[in-house]
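Tertiary structure, described
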Amino acid sequence: MKNGTIWKDIDGNDIQAHGGCIIEHEGTYYWYGEHKGADNCPGTTRVDVIGVSCYSSKNLHDWKYEGLALESDKNDPESPLYYKKVLERPKVIYNEKNKNFVLWAHADSADYVYGGIAVAVSDTPVGPFKLLFAKQPNKQDSRDMTIYKDRDGVAYLAHSKDWNKTMNLSRLNDDYTDVDGFYVSILIDQEREAPAFFWHEGMYYMISSGCTGWDPNQALFARCEHFLGKWKLIDNPCRGEKMETTFDGQSAYIFEANDNFYLMLDHWHPNDLKTSGYSILKIDILPDNNLRVNWVDEWKGI
Ligand code: DGJ
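Since we're looking at a predicted model, the values are computed, not measured. (Residues numbered from 1 in each chain as written. Predicted model: local features only at pLDDT ≥ 70, side-chain atom pairs only at ≥ 80, totals over all residues. Heavy atoms only, no water.)

Concerning the sheet that holds strand β3 (residues 51-57)
Spatial ordering of the open sheet is given by β1-β2-β3-β4, a layout of four strands whose pairing is antiparallel. Of all strands in the sheet, those bounded by a partner on one side alone are β1 (18-25) and β4 (64-71). Adjacent strand axes in the sheet meet at a mean angle of 25°, parallel and antiparallel pairs treated alike. When β1 meets strand β2 (residues 28-35), the two strands line up antiparallel, connected through six bridges. The residue of β2 that forms the bridge with Ile23 is Tyr30. (Pairing = 2+ DSSP bridges. Helix = DSSP H or I, 4+ residues; strand = E, 2+ residues; numbered from the N terminus. Axes fitted to C-alpha atoms, helices over the stretch in contact; angles between N-to-C directions.)

Structure, rendered in structure tokens:
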């Protein structure tokens, strides 16, 4: 699979899983993302919402399409899933207590003014997920977001707020189905979006992008010894041609496989979003707690 391009599933169809995440469950990897497999609405940089797609794989290379895990609503303009709205960056987390899967996504109005999240649940990884609600978490605006499960099993919604100026880490309830009211604000006024997290040997790391719409910009990594502590932006982790624009990509998620951490990127094509590409790049953690993401031309899986 050539990094930076759109990839094919095992049936030869384009993989439609943008802004997504990869999780592992019982020996199978599941990739969830935005299905953008339609033409842009004429003269715009939007594709009507189709839903959240799900793909499965054993080796992170050969992906089988499992269908739409969460489908848009074509009829009810009041529904958060109405196809004329926005549903982006879906993230799925497994809840050990309830033995179910919880999907969170950025749910917005077509003009991105509302700024909220949608939450849905399913007993199986492939869905169909059932929408619980959409809202503004802790009554604050929320645009780019991710879900991070800490080592103690407590999970958090990380979301850009105050029109992307600042980021909130908002704690979830035990069911992972809602925020529980506790949050901290980090990277205040730093204008970061597309956050992706991991933990390694006593340090939490976040890779994020700046805020330039669909256009690529420089990734930065931040780190902190405590998840709810004082996060600090450190440096651009990327190395190689186009390192100043995250290889013309934007962070989507970080997953762990075979004791390595991997960064998923989207390479957006705003004028034809369905052709937007993907990359998966290994993250190297240097002895001084700096990160390096080197460009490689191909993703070979594991
Ligand atoms: C940047 C975000 O990261 C994307 O998910 C998307 O919301 C675009 N902005 C829309 O311009």
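Looking at the site of the ligand
Neighbouring the ligand are Glu88, Arg89, Tyr112, Asp144, Glu193, Gly213, Trp214 and Gln250. A distance of 2.5 Å separates an oxygen atom of the ligand from a polar side-chain atom of Asp144. With respect to the ligand, the side chain of Gln250 contributes an N or O atom lying 2.9 Å from an oxygen atom. Against a free-state accessible area of 300 Å², the protein chains account for coverage of 89% of the ligand. Taken together, the residues of the shell around the ligand sort by class into two nonpolar, two polar and four charged. (Near = heavy atom within 4 Å. Polar contact = N/O pair within 3.5 Å; in protein donor to acceptor, adjacent residues only side chain to side chain. Areas by Shrake-Rupley, 256 points an atom, 1.4 Å probe, with all protein chains shown as cover. Nonpolar A, V, L, I, M, F, W, Y, C, P; charged D, E, K, R; others polar.)

Section: the nonpolar core
Judged by nonpolar contacts, the single largest core of 39 residues is most densely connected at Trp31 and Tyr32. For Trp31, the contacting residues outside a window of four places in its chain are Trp7, Ile15, Ala17, Cys21, Ile22, Ser53, Cys54, Tyr55, Trp63, Met264 and Tyr278. Counting residues in each nonpolar core, the second largest holds 17 residues, with Ala196, Phe221, Cys238 and Val293 among its members. (Core = buried A, V, L, I, M, F, W, Y, C linked by side-chain atoms within 4.5 Å. Buried < 20%, exposed > 50% of the residue type's maximum accessible area, 1.4 Å probe, protein only. Contact = heavy atoms within 4.5 Å.)

Details of the pairing of β3
Within β3, seven of the seven residues are buried, which leaves it mostly tucked inside the rest of the structure. Of the strand pairs in this sheet, β2 and β3 are connected by seven bridges, and their pairing is antiparallel. The residue bridging Gly33 from the neighbouring strand is Ser53, located in β3. Pairing of β3 with β4 involves six bridges; the strand directions are antiparallel. By the bridge assignment, Gly51 is partnered in β4 with Glu71. Connecting the antiparallel pair β3 and β4 is a turn made up of six residues, with Leu60 showing a positive phi of about 65°.

Section: the packing of aromatic side chains
Tallying each qualifying case throughout the model produces 23 aromatic pairs. Ring geometry for Tyr82 and Tyr83: centres 5.2 Å apart, planes at 85°, overall edge-to-face. Since its relative accessible area comes to 22%, Tyr83 is described here as partly exposed. Three or more aromatic residues joined by ring pairs make a cluster, and in this case those are Trp7, Trp31, Tyr55, Trp63, Tyr65 and Tyr278. If you follow Arg143 out to its NZ or CZ, it ends over the ring of Trp163, 3.9 Å from the centre. One cation-aromatic arrangement involves Arg151 over Trp199; the distance from NZ or CZ to the ring centre is 3.5 Å. (Phe/Tyr/Trp six-rings, centres within 6.5 Å; stacked < 30°, edge-to-face > 60°. Lys NZ or Arg CZ within 6 Å of the ring centre and 35° of its normal.)

Observations concerning the pattern of salt bridges
Using the criterion set out here, one finds 15 salt bridges in the structure. For Asp284, the salt bridge goes to Lys282, with nearest N and O atoms at 2.5 Å. By relative accessible area, Asp284 is classed as partly exposed at 24%. With a relative accessible area of 35%, Lys282 lands in the partly exposed category. (Salt bridge = Lys/Arg side-chain N within 4 Å of Asp/Glu carboxyl O.)

Section: the sheet that holds strand β14 (residues 203-209)
Spatial strand order, β13-β14-β15-β16: four strands in an open sheet with antiparallel pairing. Of all the strands in the sheet, the pair left with one neighbour each is β13 (193-200) and β16 (232-235). Across the sheet, the mean angle separating the axes of adjacent strands is 30° when strand polarity is ignored. Sheet analysis places β14 next to strand β15 (residues 220-224), joined by five bridges and oriented antiparallel. Its bridge partner being in β15, Tyr205 is matched across the sheet by Arg223.

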